[in-house]
Structure formats: C-alpha cells, structure tokens
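Structural description and commentary
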Amino acid sequence: MENFAPLLQYLISGLTNGAIYALIALGFGIIYNATTIINFAQGEMVMLGALCAISIYHVAPSLPLAFAGAVVLVTCVGLVFERLALRPVKDPTPIALIIITVGGAVLIKGVAMLIWGKEAYALPPFSGNDPIHLGPATILPQNLWVLGITAISVLALEAFFRLTLVGKAMRACAYNTRAARLVGIAAGRMVQLSFGLSAALGAGAGILIAPLTLGVYDMGTMLGLKGFSAAIIGGLGSLAGGVLGGLVLGVAEALATGFISSGYRDAVAFLLLLLVLFLRPQGLVGGRK
Amino acid sequence: MLKIKNLSAYYGSVRALSGVTMHVREGEIVTLIGANSAGKTTLLNAICGLVRKDGDLAFAGQSLMGLAPEVIVGLGLSQVPEGRQLFAPMTVAENLELGAYRRYRKESKAAINADLERVFQLFPRLKDRLAQQAGTMSGGEQQMLAIGRALMARPRLLLLDEPSLGLAPIVVEDILARLSQLRAEGVTILLVEQNARVALKVADRAYVLETGRIILSGAAADLLQDRQVTRAYLGRDYKEFTEGR
Ligand SMILES: Nc1ncnc2c1ncn2[C@@H]1O[C@H](COP(=O)(O)OP(=O)(O)OP(=O)(O)O)[C@@H](O)[C@H]1O
Ligand SMILES: [Mg+2]
C-alpha cells in the first residue's frame, strides 16, 4: 500500500506527458502518411503554440482566445512552411525534404529566440491550481485538461479520417497517390492539409503543456524528439499507434524518474526506441514501414 | 472524341513513346494491343496527365496538354489503371465514393447515388461487399471494383489498362461483356490489352503499339484474321513481317 500512492502519482504525470507526446506523434504520422517524410520542424510548432498563446494571453487575458488564436496562427505557420520551403523543391526526394525540415526547425527556433528571447514564460492553468484528491494521489486540473483535450482531439481526428470525404481522400493518397490522382484528388492539396493539421496538433500540445512546464524558445527540440520516438514506438502513420506510443513513453519516463532517478528520464525514450526498432520495427500497433 | 497527334512521352530523358498518332470516336470501343513494355501504360498515363509529354492531345475538342490529372478526370475521362490500384485497406464503399470525389462539390447526392446503382447493376457482386476491405477481395472482384470506381466519376471516355491481367478466362469474358454493355449505355472505351484475341473480339478498331510507336491499325475484325498481328503483339520485330508482305 505504501508503494501504491507514488505509483499512482507517477502514472498520472506519465499519462499527462504521454498525452502531449501522443499529440506530437500524431503530427509526425499525418505528415509521414501524406509525404513519406519525417517533419523535424514538428517540435517547433509545439514551442510556437505555447509562446503564441502566452503572448496573446498577455495582450488579451482570455484563455479560450489565447488557445484558439495560437492554434490558428501556428496552423498558418505550418501551411506557409510547406508552401515556401517544401513545395518549390525541384527534385523532391524524401531525404532532401527531410533535411529542409531540419533546417526549418533551426530557423523557426532562431526567429522565436529573436521574438521572445531566452526567458521562460508562464501561462496560467486553464482552471486553477487546486489539486483534486484521487485516493492517495492528487491530480491537478491541468492534468485533466491535457487528458480530456487530447482524447477529444484524437476522437475528432479519427472521425475526420473515417467519416469525411476529405479525410478519406487523405487516406487514399497515403495508400496510393497515383490512384488518388486518377480519381481526381489533388495530392498537393492533401500534403498541404497534412502540414496544417499537424501544426494545429503540435500547437495544441504546446498550449496544453505550457501551464505545467513554462514556455521557452528551445522547448520544441526535446518535445519533438519525444513525439518522434513515440510515433516510431507505436507505429509511424497509425493513429492508434501514435496514441499508444505516446502513453507508453510518458508512463515509462515517469516510472524511471520516480523509481530510479530523474537523470534517466530522457534516456528512457531512446532506450524504448532502440528496443522497438530491434524487436518490432513496425511499432507496437504496426503502422507502415 | 480523343485525338492524339504525334505524341511523345518521357521518363526523365528516356523517351518511352515516339510520335503516337491515333484517335477514338464517340461510341467506339478501340483497343490498343502490344507486348510487354511496348509503352501501353505510358500512353494511358500520358493521356491522363501523369507522364511528361509533348505533341498534341485533345479530348472533346479541348487540349489536355499541361493539365493536371485531377483536372482531366473532371473533363470526363477516367482510367482503370494496370493492376487495379485500389485503395486496398479501405472498404468497397469508400473506394466507390472516392471515385466520385470531384463530383460532390458540384452535383447532388441523388445523381451520385444513381450512378452507384448503375455500377451495382453492372457488377451486382459489389453491392454485397460494400463493407469489405477492397484488398481482401478476389482478383476478379477487384477488377470490377476498379472499373466501378472509375465509372463513379461519370466518364464519357473510359480507359482500361489490361483488365484481363491475372484473371481466369471466364471472368475475363464476363468483364469484357460488361464493356459492351457500357458502350451501349453511351460510354466510349479505349481498352489496352496484351491479350489480343480477347480484346479484338469486343473492339471495333485496334492499334498495335511496339516499342513506343504505332505500327499497325485497322478494323478489329480484320486484325483478328491477320496472322501477323499475333506476331506483332508477341513482340516480334516489325520488319520481320512487313518485309514478308
Ligand atoms: N516510371 C518509369 N520510369 C522509367 N521508365 C519507365 C517507367 N515506367 C515505364 N518505363 C519504361 O517505359 C517503357 C514502356 O513501359 P510501359 O509500362 O508503358 O509498357 P507496357 O506496354 O504498359 O508494358 P506491360 O504490358 O508490361 O504493362 C518500358 O521500357 C519501361 O521500362
Ligand atoms: Mg502496362
């Protein structure tokens, strides 16, 4: 029983972080499905989401406004990034495009440092800071916000891909681009849409986590790598895989931090990543190779 | 209806079609036969805007040069690609729905559903399998779905790339009979085949393609009698049998 309280506590914080990783992982997966590239600028969208929300809140202290405004802004950044940095490439081999996304990440981070400097900023939690007691453990309202909004986003995404014509067209493009073009789907549009959607998910992740960790210009790099690891662990390109990968990674990190030492936290992601790559390269859920 | 003049197509700097000239009239079934790698698929993909090309290409009086594939479909020209190319993990219903992708914005749901019924009349088996994953169906059913998906775009000209590939003769017969039925309903058809015997039986006219050039054309019935056509589609050297004439 003594061990149960900390365990529950670790689980709560692990699932919260895991939900954030999942949102980022889904962004990686959506762009991968549309283009077969890894967008290494994905983490920067998380950072931009957090910092834009903080700045909007500073000017007009309304959280819904800050949330919506930041998501819209960052979605535009994602769309512009695809339009200006990726689409004009003459010979768009995957490796060339991936290198461009790495460059884009460095650029976006640099610009963010110019705008916001190197300080960390706080965003108030969405509904106060009074812990809720859950048996022997406590949970912050912000944890619930993270889990709830992630769950809603995942369900909405699933509905989008399963039920809407555009969502089905995006899936069709991922399965067979040539056939998709032959039935009249503009593949370029679907790629652009995937960048917009991924940027929105990243921004959402950043805004959700800002009240827990503060927002700072270089927060995107590590979160991006964690999201990428989660995507690979779960199965790149699979929605269920992204969610599962994120949660598994978050919980594993929290357990390692709690029971061993916080120094091992970041190593866990890479240990899990290697383990999956060796034992089950298609990921836990088995996305695409 | 379809006019192709001096059309060449390229993969990078490699030329896969050289100066192809041919036409398809409204209401015809025209077949294009040729051996492996003669350039049949390349020609269909050039028509549909998937391959770089030069020359002249017009459909119903409108030039197709420089148009994107998704625009060309909208003009009433659909391709049933080689190897079916279904959206394999998606259901039969979803594949058919995506076939009509460009129509949802402009047309009523009723018009699209009417075409769905038309496809079910042509291939009743699809109706029983709406919820099945396309990739898990038999080869013949997949070919039916591929044709059904192309028909959902309501084409005036249907291009088919080797629909008989890998199918039992009886299934091939059935599918080709459906093509005649479609023609009776007003769809013009350009049928690419390696299986010349079968194709010439349903077609009105035929072209023979060899290493990127049209080497022979004429009424299907005439070519069917022509022993040399059998050779041509087997990929023998053209000279070998023209010199014997
Ligand atoms: N994507 C490509 N890149 C480069 N060359 C290609 C490509 N596709 C086809 N080719 C070449 O173009 C030529 C014509 O190929 P095509 O696929 O049009 O032949 P085909 O008549 O359809 O043959 P099959 O009966 O085998 O389908 C071949 O020499 C082939 O190697
Ligand atoms: Mg071919």
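These figures come from a predicted structure and were not determined experimentally. All residue numbers here refer to positions counted from 1 along the written sequence of the relevant chain. Working convention: letters from A go to chains and numbers from 1 go to ligands, in the order in which they are written. Local features in a predicted model are, by the rule used here, given only for residues with pLDDT of at least 70; side-chain atom pairs are given and counted only at 80 or more, and totals for whole chains, interfaces and linings are based on all residues. Side-chain figures throughout are based on the complete set of non-hydrogen atoms in the structure, without hydrogens or water.

What follows covers the overall build of chain A. Helix and strand definitions follow DSSP, with helices as H or I runs of at least four residues and strands as E runs of at least two, each counted in order from the N terminus. If you tally the helices and strands in chain A, you get 11 helices and two strands. Secondary structure elements in chain A, listed N-terminal to C-terminal, are α-α-α-α-β-β-α-α-α-α-α-α-α. Relative to the compact-globule value of 19 Å for 289 residues, chain A shows a C-alpha radius of gyration of 19 Å, a close match. For chain A, the proportion of contacts with a sequence separation of at least 24, taken over those separated by at least 6, is 76%. Methods summary: accessible areas were calculated by the Shrake-Rupley approach with a probe of 1.4 Å, and residue burial reflects only the protein chains presented. With the model as given, the accessible surface of chain A reaches about 12800 Å², and the carbon-plus-sulfur share is 71%. Averaging the positions of the 16 positive and the 10 negative side-chain charges in chain A gives two centres separated by 18 Å. The reference for a compact globule is 2.2 Å times residues^0.38; the radius of gyration itself is calculated from the C-alpha atoms. It only takes one pair of heavy atoms within 4.5 Å for two residues to be counted as in contact. His residues and chain termini do not enter the charge count, which takes Lys and Arg as positive and Asp and Glu as negative. A charged residue contributes its charge at one atom only: NZ of Lys, CZ of Arg, CG of Asp or CD of Glu.

A word on the layout of surface pockets. Residues and elements named next belong to chain A. Here the largest pocket defines a volume of roughly 630 Å³. Contributing to the lining of the largest pocket are 26 residues, with Ala34, Thr35, Thr177, Ala187 and Val191 lying nearest its centre. When residues of the lining of the largest pocket are traced back to their parent elements, those giving at least two are helix H1 (4-35), helix H3 (63-86), helix H4 (94-116), helix H6 (165-175), helix H7 (177-182) and helix H8 (187-213). Its residues assigned to classes, the lining of the largest pocket shows 15 nonpolar, six polar and five charged. We place a 1 Å grid over just the protein atoms. Points where a 1.4 Å probe fits but has no way out form a cavity, open points with protein on both sides within 12 Å along at least 5 of 7 lines form a pocket, and any residue with an atom within 4 Å of a point lines it. Grid points are joined across faces, edges and corners, and a volume is the space filled by probe spheres set on the points. Polar here means any residue other than Ala, Val, Leu, Ile, Met, Phe, Trp, Tyr, Cys and Pro, which are nonpolar, and Asp, Glu, Lys and Arg, which are charged; Gly is therefore polar.

Residues and elements named next belong to chain B. Any Lys or Arg side-chain nitrogen found within 4 Å of a carboxyl oxygen on Asp or Glu counts as a salt bridge. Per the counting criterion, the structure on display carries 21 salt bridges over all chains. Arg25 serves as the salt-bridge partner of Glu28, at 3.2 Å between the closest nitrogen and oxygen. For every residue, the accessible area obtained with a 1.4 Å probe (protein chains only) is divided by the maximum for its type, and the residue is called buried under 20%, exposed over 50%, and partly exposed between those limits. The class for Arg25 is partly exposed, based on a relative accessible area of 45%. Close ionic contact of Glu162 with Lys40 constitutes a salt bridge, the shortest N to O distance being 3.7 Å. A residue pair is termed long-range when its members are at least 10 positions apart, and Glu162 in the loop between strand E7 (157-161) and helix H7 (169-184) and Lys40 in helix H1 (residues 40-47) qualify at 122 residues. In terms of burial, Glu162 and Lys40 fall into one category: buried. A single salt-bridge network, built from bridges that share partners, covers Arg103, Glu107, Asp115, Arg118, Arg154 and Glu185.

Now for the site of ligand 1. All names here are of chain B. Definition of nearness: a residue and a molecule or strand are near each other if at least one heavy atom of the residue lies within 4 Å of the molecule or strand. Near ligand 1 lie 13 residues; those nearest to it are Asn36, Lys40, Thr41, Thr42 and Glu82. Contacts described as polar in this section are N or O atom pairs within 3.5 Å, which, within protein, must combine one atom able to donate a hydrogen with one able to accept it, while residues neighboring in sequence count only if both atoms come from side chains. At 2.6 Å from an oxygen atom of ligand 1 is found a side-chain nitrogen or oxygen belonging to Thr41. Considering ligand 1 on its own, with 640 Å² of exposed area, one finds that the protein chains cover 59% of that surface. A total of three residues in the shell around ligand 1 trace back to one element, the largest contributor, which is H1. When its residues are assigned to classes, the shell around ligand 1 shows four nonpolar, six polar and three charged.

Only rings of Phe, Tyr and Trp enter the pairing, Trp through its six-membered ring, and a pair is recorded when the two centres are within 6.5 Å. The plane angle decides the type: under 30 degrees is stacked, over 60 is edge-to-face, the rest tilted. The tally for this structure, following the rule as stated, stands at eight aromatic pairs over all chains. When the centroid spacing of 6.1 Å and the interplanar angle of 80 degrees are considered together, the rings of Phe67(A) and Phe126(A) count as edge-to-face. Taken together, the positions of Phe67(A) in helix H3 and Phe126(A) in the loop between H4 and strand E1 (132-134) put the pair 59 residues apart, joining distant regions of the chain. A cation over a ring is seen here: Arg149(B) above Phe87(B), with NZ or CZ 4.8 Å from the ring centre. A ring has a charge above it when a Lys NZ or an Arg CZ is no more than 6 Å from the ring centre and no more than 35 degrees off the ring normal.

All names here are of chain B. Strands are treated as partners if at least two bridges between them are detected by DSSP. Taken in spatial order, the four strands make up an open sheet running E2-E1-E4-E5, and their pairing is antiparallel. Either end of the sheet is taken by a strand with one partner, and the two such strands are strand E2 (14-24) and strand E5 (62-63). By the bridge criterion, seven bridges tie strand E1 (residues 2-11) to strand E4 (residues 52-59) in an arrangement that is antiparallel. The residue of E4 that forms the bridge with Leu2 is Phe59. All axes here are fitted lines through C-alpha atoms, helices being fitted over the stretch that makes contact, and every angle between N-to-C directions spans 0 to 180 degrees. Contacting E1, E2 and E4, H1 runs over the sheet at an angle of about 110 degrees to E1.

Turning our attention to the coordination of the magnesium ion (ligand 2). All names here are of chain B. For Na, K and Ca the donor cut-off is 3.2 Å; for every other metal, N, O and S atoms count as donors within 2.8 Å. Water does not enter the count, which can leave sites looking incomplete. Every protein donor of the magnesium ion (ligand 2) is accounted for by Thr41 (OG1) and Glu82 (OE), and the metal-donor separations fall at 1.8 to 2.4 Å. A residue pair is termed long-range when its members are at least 10 positions apart, and Thr41 in helix H1 and Glu82 in the loop between strand E6 (77-80) and helix H3 (92-99) qualify at 41 residues. On the basis of relative accessible area, Thr41 is assigned to the partly exposed category, the value being 24%.

Our next topic: the packing of H6(A) against H3(B). At their nearest, the axes of H6(A) and H3(B) sit 10 Å apart, and the two run at 100 degrees to each other. Classified by the angle their axes make, H6(A) and H3(B) are roughly perpendicular. Along the contact surface, H6(A) presents Leu165(A), Lys168(A), Ala169(A), Arg171(A) and Ala172(A), while H3(B) presents Glu94(B), Glu97(B) and Leu98(B). Throughout this description, any angle smaller than 35 degrees is read as roughly parallel, any larger than 145 degrees as roughly antiparallel, any in the 65 to 115 degree range as roughly perpendicular, and the remainder as oblique.

Further remarks concern the side chain of Thr188(B). Within the secondary structure layout, Thr188(B) lies in strand E8 (residues 188-193). Every residue in contact with Thr188(B), bar those within four places of it in the chain, is listed here: Met1(B), Val24(B), Arg25(B), Glu26(B), Gly27(B), Glu28(B), Arg156(B), Leu157(B) and Leu158(B).

Okay, the pairing of strand E9 (residues 205-210) of chain B next. All names here are of chain B. Across the six residues of E9, six count as buried, placing the element largely inside the fold. Side chains of E9 alternate between two faces, with Arg205, Tyr207 and Leu209 and Ala206, Val208 and Glu210 buried alike. Note: strand E3 (residues 29-33) against E9, four bridges, orientation parallel. Across the sheet, Thr31 pairs through a bridge with Ala206, a residue of E9. As defined by bridge partners, E9 adjoins strand E10 (residues 213-219) across six bridges and the pair is classed as antiparallel. In the sheet register, Arg205 faces E10, and the bridge partner there is Ala219. Linkage of E9 to E10, two consecutive antiparallel strands, is achieved through a turn of two residues, within which Thr211 is found at a positive phi near 35 degrees.

Residue and element names in this part refer to chain B. Position of Leu77 relative to the elements: it lies in strand E6. For the pair Leu77 and Leu157, spaced 80 residues apart in sequence, the C-alpha separation works out to 4.9 Å. If we skip the residues at most four places from it in the chain, Leu77 touches Leu2, Ile47, Cys48, Phe59, Leu64, Ile72, Pro155, Leu157 and Leu159.

For every residue, the pLDDT score states the predictor's confidence, bounded by 0 at the bottom and 100 at the top. Scored by pLDDT, chain A comes out at a mean of 94, with 98% of its residues at no less than 70. Mean pLDDT values over the elements of chain A span from 89, in E1(A), up to 98, in helix H2 (residues 42-59) of chain A.

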